[in-house]
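Here are the chains, one letter per residue:
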Amino acid sequence: MSDIILNKTKEIEYLQFKKLLEFQNDLIHAYTLKNNNVGFKRYEKDNTADISYDKLCNAFNINKELLKYPNQQHTDNICEYNKEKAVNFKEADGIITNLPNIATTLTFSDCLAILLYEPKNKVIANIHSGWKGTVKKIGAKAVNKMINKYDCRPENIICCFGPSIRKDHFLVNDDVKEIFENEFQDIIKKNDVIEETEYRNEKGKQYRIDTVLINKILMKELGLIDENIIDSNLCTVCNSNMFHSRRVEGKNYQANASLMMLKSIN
Ligand SMILES: [Zn+2]
């Protein structure tokens with residue numbers, strides 16, 4: 001827990017990364033906890049979600065109209081907002097911007113939040129990467145965009161991994177294991193990413209996959225440095241008292257939200 005801090009207002013609790021707080025004059029960021037009946041929905045905005053967005057905006061004095069939430073569908077599409085243009089996909093799982101007052105927010109229920117920030121050029125990317133997004137390397141794609149289109153140097157990019165389902169609880173069968181083996185041959189050869197378990201379900205043998213480790217290795221391959229790769233080390237299943245988890249909550253699950261916004265220069 002040492003790389004993160006927990007904060008609370010009367011209405012909402014959220015975690016923040018110490019590394020990103022070094023830049024709090026320029027950047028707002030948060031990842032919500034579920035206390036105080038805070039919860040979000042991916043596919044529809046119900047009353048709880050509406051009130052939760054209000055609480056989140058109140059905590060940071062953000063006008064709700066500044067919120068941008070993409071229609072998340074486990075794609076590798078990333079929306080972009082810059083001076084030249086706005087690129088909006090119908091479905092997307094990330095937002096990149098170098099403009100102030102774009103309040104990027106995404107929702108997660110066991111999937112991994114990747115918060116990217118480059119303080120020199122002031123570029124943010126707020127990314128949703130479930131196992132499908134990890135296979136599509138959406139986090140790496142965001143970093144490549146930051147480097148190629150926003151003049152970021154990889155050694156300046158900070159990458160924070162939020163809470164997500166971690167290896168011990170992420171059990172898959174041969175079908176999903178094979179998708180990872182095809183996509184990450186080299187990484188799997190050299191690292192302890194896939195572990196065979198003694199468990200079986202109706203689909204057969206079960207394996208554990210370390211999706212966060214894959215994402216960390218992808219970041220290092222792109223040139224990010226160790227001290228700028230920060231992991232909350234929190235499992236949403238193990239910590240379902242703090243976070244919403246689809247695995248724990250079942251059909252009517254709610255989600256946690258990430259928020260990143262560049263402040264306007266005064
Ligand atoms: Zn766990």
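Now for a look at the structure at hand. In this text the structure is predicted, and so the values were computed from the model without any measurement. (Residues numbered from 1 in each chain as written. Predicted model: local features only at pLDDT ≥ 70, side-chain atom pairs only at ≥ 80, totals over all residues. Heavy atoms only, no water.)

**Side note on a positive patch on the surface**
Convention followed: Without a salt bridge and with relative accessible area above 30%, a residue can belong to a patch; like charges are then joined within 9 Å and nonpolar side chains (Val, Leu, Ile, Met, Phe, Trp, Tyr) within 5 Å. Only the protein chains shown count as cover for residues, and all accessible areas are computed by the Shrake-Rupley method using a 1.4 Å probe. Basic side-chain nitrogens of Lys or Arg form a salt bridge, by our definition, when they fall within 4 Å of a carboxyl oxygen of Asp or Glu. For the purpose of counting charges, residues Lys and Arg are taken to be positive, whereas Asp and Glu are taken to be negative. His and the chain ends are not included. Where a charge lies is defined by one atom per residue type, namely NZ (Lys), CZ (Arg), CG (Asp) and CD (Glu). Put simply, DSSP H or I for four residues or longer makes a helix, DSSP E for two residues or longer makes a strand, and each gets a number counted from the N terminus. Exposure categories follow from relative accessible area, calculated using a 1.4 Å probe and restricted to protein chains: below 20% of the type maximum is buried, above 50% is exposed, and the middle band is partly exposed.
Positive charge collects at one region of the surface, where K132, K136, R246 and R247 lie side by side. Its location among the elements puts K132 in helix α3 (residues 131-135). The partly exposed category is assigned to K132, whose relative accessible area is 40%.

**Considerations on the sheet that holds strand β13 (residues 194-201)**
Rules: At least two DSSP bridges between two strands are needed for those strands to be called paired. Two residues form a contact once any of their heavy atoms are found within 4.5 Å. Only the contacting stretch of a helix is used when fitting its axis, a line to C-alpha atoms as for every element, and angles between N-to-C directions run 0 to 180 degrees.
A sheet is described by the order of its strands in space; here 3 strands give the open sequence β12-β14-β13, paired in antiparallel fashion. On the outer flanks of this sheet lie β12 (171-172) and β13, each paired with one strand and no other. Bridge analysis of β13 against strand β14 (residues 204-209) gives 5 bridges, and the strand direction is antiparallel. Bridging from a neighbouring strand, E195 pairs with R208 of β14. Where helix α5 (residues 174-183) meets the sheet, its contacts fall on β12, β13 and β14, and the angle it forms with β14 comes to roughly 40 degrees.

**Remarks on the coordination of the zinc ion**
Condition: Water is not part of the atom set, so a site may look incomplete; the donors themselves are N, O and S atoms within 2.8 Å of the metal, or 3.2 Å for Na, K and Ca.
Bound to the zinc ion are the protein donor atoms H169 (ND1), C235 (SG) and C238 (SG), situated 2.0 to 2.3 Å from the metal. Counting along the primary sequence, the residues that act as donors to the zinc ion give the motif H-x65-C-x2-C. A residue pair is termed long-range when its members are at least 10 positions apart, and H169 in the loop between β11 (158-161) and β12 and C235 in the loop between β15 (229-231) and α8 (246-249) qualify at 66 residues. Looking at C235, the relative accessible area reads 6%, which means it is buried.

**Here we look at the packing of aromatic side chains**
Note the cut-off: Pairing of aromatic rings covers Phe, Tyr and the six-membered ring of Trp, with a centre-to-centre limit of 6.5 Å; geometry is then stacked below 30 degrees between planes, edge-to-face above 60, and tilted otherwise. A positively charged side chain is recorded as over a ring if its NZ (Lys) or CZ (Arg) lies within 6 Å of the ring centre. The angle to the ring normal must also be within 35 degrees.
Overall, the coordinates contain 8 aromatic pairs when judged by the stated rule. A ring pair is formed by Y31 and F108, whose centres lie 5.9 Å apart and whose planes are at 40 degrees; its orientation type is tilted. Of the two residues, Y31 is situated in strand β3 (residues 27-32) and F108 in strand β8 (residues 103-108); the sequence distance between them amounts to 77 residues. The pair Y31 / F108 is uniform in exposure class, with both members buried. Through pairs of rings, three or more aromatic residues link up here, namely Y31, F108 and F243. Looking at K177, its charged tip hangs above the ring of Y207, at a distance of 4.5 Å from the centre.

**Comments concerning α5**
Threshold: Taking the helix axis as origin, the arc is that swept by the directions to the C-beta atoms.
Buried residues of α5: V176, K177 and F180, and no others. Angular distribution of buried residues about the axis of α5 spans 105 degrees; they occupy a single face of the element. For α5, the secondary structure elements touched by its buried residues are α3, β12, α6 (185-190), β13, β14 and α7 (211-221).

**Details of the pattern of salt bridges**
One pass over the structure, following the stated rule, counts 18 salt bridges. A salt bridge links D175 to K203; the shortest N-O distance between them is 3.0 Å. Here D175, found in helix α5, pairs with K203, found in the loop between β13 and β14; they are 28 residues apart in sequence, far enough to count as distant. The exposure class assigned to D175 is partly exposed, which follows from its relative accessible area of 38%. Under the relative-accessibility criterion, K203 is labelled exposed at 53%. Taken together, the salt bridges that share partners define one network made up of D50, D54 and K64.

**Focus on the sheet that holds strand β6 (residues 86-87)**
Read from one edge of the open sheet, 7 strands run β6-β5-β7-β10-β9-β11-β15, paired in mixed fashion. Single-partner strands in this sheet number two, and they are β6 and β15. Where β11 meets β15, 3 bridges bridge the pair, whose relative direction is parallel. Among the inter-strand pairings, C160 is bridged to a residue of β15, identified as I230. Packing of helix α4 (residues 138-149) onto the sheet brings it into contact with β5 (79-81), β7 (94-97), β9 (112-118) and β10 (123-129), and relative to β10 it is tilted by some 165 degrees.

**Things to note about α7**
Considered for burial, the residues of α7 that qualify are T211, V212, I214, N215, I217, L218 and M219. G223 sits one or two residues past α7 and shows a positive phi near 105 degrees.

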